[in-house]
Amino acid sequence: MLKIHIAIVGSGPSGFYAAEALLRSDLNVEVNMIEKLPTPFGLVRSGVAPDHPKLKQSILVYDRILKQDGMNFFGNVTVDEDISVEDLLKTHHGVIMACGAPLDNKLNIDGENLKGSHAATAFVGWYNGHPEYRDEKFDFKQKTAIVIGHGNVAADICRILSKPVSELKKSDIAEHALDALAESQIRKIHVVGRRGPVQAKFSPKELRELVDISNVTTEVDVNDCEIGEQCKVELSDPKNISSGKNLELFRSFSELQTSPELTPHSPRKIKFRFYLTSQKIHGAETVEGMSFFKNQLGGQAFSQTVISTGETEHISCGLVFRSIGYRGVPFKDIPFCDDQGKIPNKEGRVIKNGKAMPGVYVTGWQKRGPSGIIGTNRADSIETVDCLLADMAGVEKTPKSGSDGLTALLKKRQVQIVELDDWLKIDTSEIARGKKYGKPREKFTRVDEMLDVLSV
Ligand SMILES: Cc1cc2nc3c(=O)[nH]c(=O)nc-3n(C[C@H](O)[C@H](O)[C@H](O)COP(=O)(O)OP(=O)(O)OC[C@H]3O[C@@H](n4cnc5c(N)ncnc54)[C@H](O)[C@@H]3O)c2cc1C
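Residues numbered from 1 in each chain as written. Predicted model: local features only at pLDDT ≥ 70, side-chain atom pairs only at ≥ 80, totals over all residues.

## Re the pairing of strand β8 (residues 188–192)
Piece 1. For β8, a buried count of five out of five residues is recorded, marking the element as mostly surrounded by other parts of the structure.
Piece 2. Taking every second residue as pointing to the same face, both faces of β8 are buried, with Lys 188, His 190 and Val 192 on one and Ile 189 and Val 191 on the other.
Piece 3. Two strands pair when backbone bridges link them, and strand β7 (residues 144–148) and β8 are joined in this way by five bridges, in the parallel orientation. Bridge assignment links Ile 146 to a residue of β8, and that residue is His 190. (Buried ≥ 20, exposed ≤ 12 C-beta atoms within 10 Å, placed from the backbone. Helix = DSSP H or I, 4+ residues; strand = E, 2+ residues; numbered from the N terminus. Pairing = 2+ DSSP bridges.)

So, in structure tokens, the structure goes:
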């Protein structure tokens, strides 16, 4: 049987689940996975919080896929810099884009670019040792931080900001982050959302974890837990079971409420704030505070919107982290839906001028936007691969050079390809470095350091 050559761009969960589906198919298929970093696994390595090691276990599955016959890893290769989608289509029968949604949504308010105002991606990437965020600086001398957003990434940020470093030091958190967090003076974190406790997107498990952190108190204003009729209707929907659990938790926080003066040694406090829309970040050069419009909810259940009450509130703070969603990056030869931050597609077939683009597919966050958990990407990638397989009948009659052609092209362009064996060397070296600190691994946080491991 002649071979079909497929390129997958991106080595996060969606890329691996697409590879798995292709390798399980009846076709004689070669899969070439292209990744801009020398290291695979996308956000499972550089997004999932270090104190959630169980959630990183999907890496064991991806590791097996990487080692399967017919699978090749091309790390340290950036599409649109080292090679284009058009190049990939010349050497492959199909290309699956699986590049995620690495950019943060902006608040688009005055003061957003002041020193001390950060995107969640920068902080998360920094503590997880992502090379692109290695040199980020966070001023942990500040006493008060504001986290904008009521989702699980916001909860991760609060946990990492407030957990004693003794509870993080055995995780795979980057050592530079641990050192900086050990000196943190942060005592109070306001976690702010535009709507009410019923609309918060935390999973109850993540919310409960915040209560369980030693030496941290959680607070909610009692009045914010008084909910209106439309919210009660929303809660009565069995699909909203998590919101009901969240509300119970928020109510328990409001009962626990204590407000002693903060001292350098007093416990840290996480205060959940509702019905506030960001208005402005204040400060001359660095963040000094933030003002908000106060809201109430209006409209029917499930489509309630925020209505400004006309009042404003000011909160003094020295740090702001925004965690209000992610968006994808546009690629040269592929259409991009700017308002949704993703690639336009139908069931994974990329749509250009109303028609499916021959040979080009998309999966994961780049396909559906930043939603769902790691496992959600599996069904998503299977859908995409089903479309690809349906379109591939007979294409093998037009031979393509696949990995040979790709390697030749990249060598000609003097790109240092990090292959599977190279990644395994980096992996072994990181695990050995971790032993010194009693950690599962100490990640290399600069690409040069990773490539140095390969030169010995
Ligand atoms: C902070 C954070 C915490 C999370 N925590 C959890 C959790 O605890 N549990 C859970 O179930 N889910 C969690 N998620 C969600 C989960 O990480 C995503 O569902 C999943 O990673 C999406 O997979 P993906 O393959 O679409 O994208 P990604 O994982 O982002 O992978 C995309 C890959 O493409 C590569 N790439 C990008 N551009 C290029 C290019 N030009 N050329 C080559 N390669 C490129 C990137 O380097 C990356 O490796 C979290 C997400 C975030 C942001």
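## Overview of the site of the ligand
Piece 1. In the region of the ligand, 33 residues are neighbours, and Gly 10, Gly 12, Gly 42, Gly 100 and Gly 364 sit closest.
Piece 2. Where the shell around the ligand is concerned, the elements lending two or more residues are α1 (13–24), β2 (29–35), α2 (42–46), α6 (152–162) and α11 (365–368).
Piece 3. Among the elements that take part in the shell around the ligand, α1 stands out by supplying three residues, more than any other.
Piece 4. Tallied by class, residues from the shell around the ligand come to 15 nonpolar, 14 polar and four charged. (Near = placed C-beta within 6 Å. Nonpolar A, V, L, I, M, F, W, Y, C, P; charged D, E, K, R; others polar.)

## A few points about the sheet that holds strand β9 (residues 216–220)
Piece 1. Pairing within the open sheet is parallel, and its six strands lie in the order β6-β14-β7-β8-β10-β9. Where the open sheet ends on each side, the last strands, each with one partner, are β6 (117–119) and β9. In this sheet, adjacent strand axes meet at a mean angle of 20 degrees when their direction is disregarded.
Piece 2. The strands touched by helix α5 (residues 120–127) are β6 and β14 (319–322); relative to β6, the strand with the most contacts, the crossing angle is about 75 degrees.
Piece 3. Along the sheet, α6 contacts β7, β8, β9, β10 (268–273) and β14; its crossing angle with β8, the most-contacted strand, is approximately 180 degrees. (Axes fitted to C-alpha atoms, helices over the stretch in contact; angles between N-to-C directions. Contact = placed C-beta atoms within 7 Å.)

## Concerning the domain arrangement of the chain
Piece 1. If you check the domain split of the chain, you get domain 1 (4–102 + 326–418) and domain 2 (106–322).
Piece 2. Distance between the C-alpha centres of domain 1 and domain 2: 34 Å.
Piece 3. Listed per partner, the contact involves eight residues of domain 1 and 15 residues of domain 2.
Piece 4. Here the side of domain 1 that touches domain 2 is composed, by residue class, of five nonpolar, two polar and one charged. (Domains from an automatic or database assignment.)

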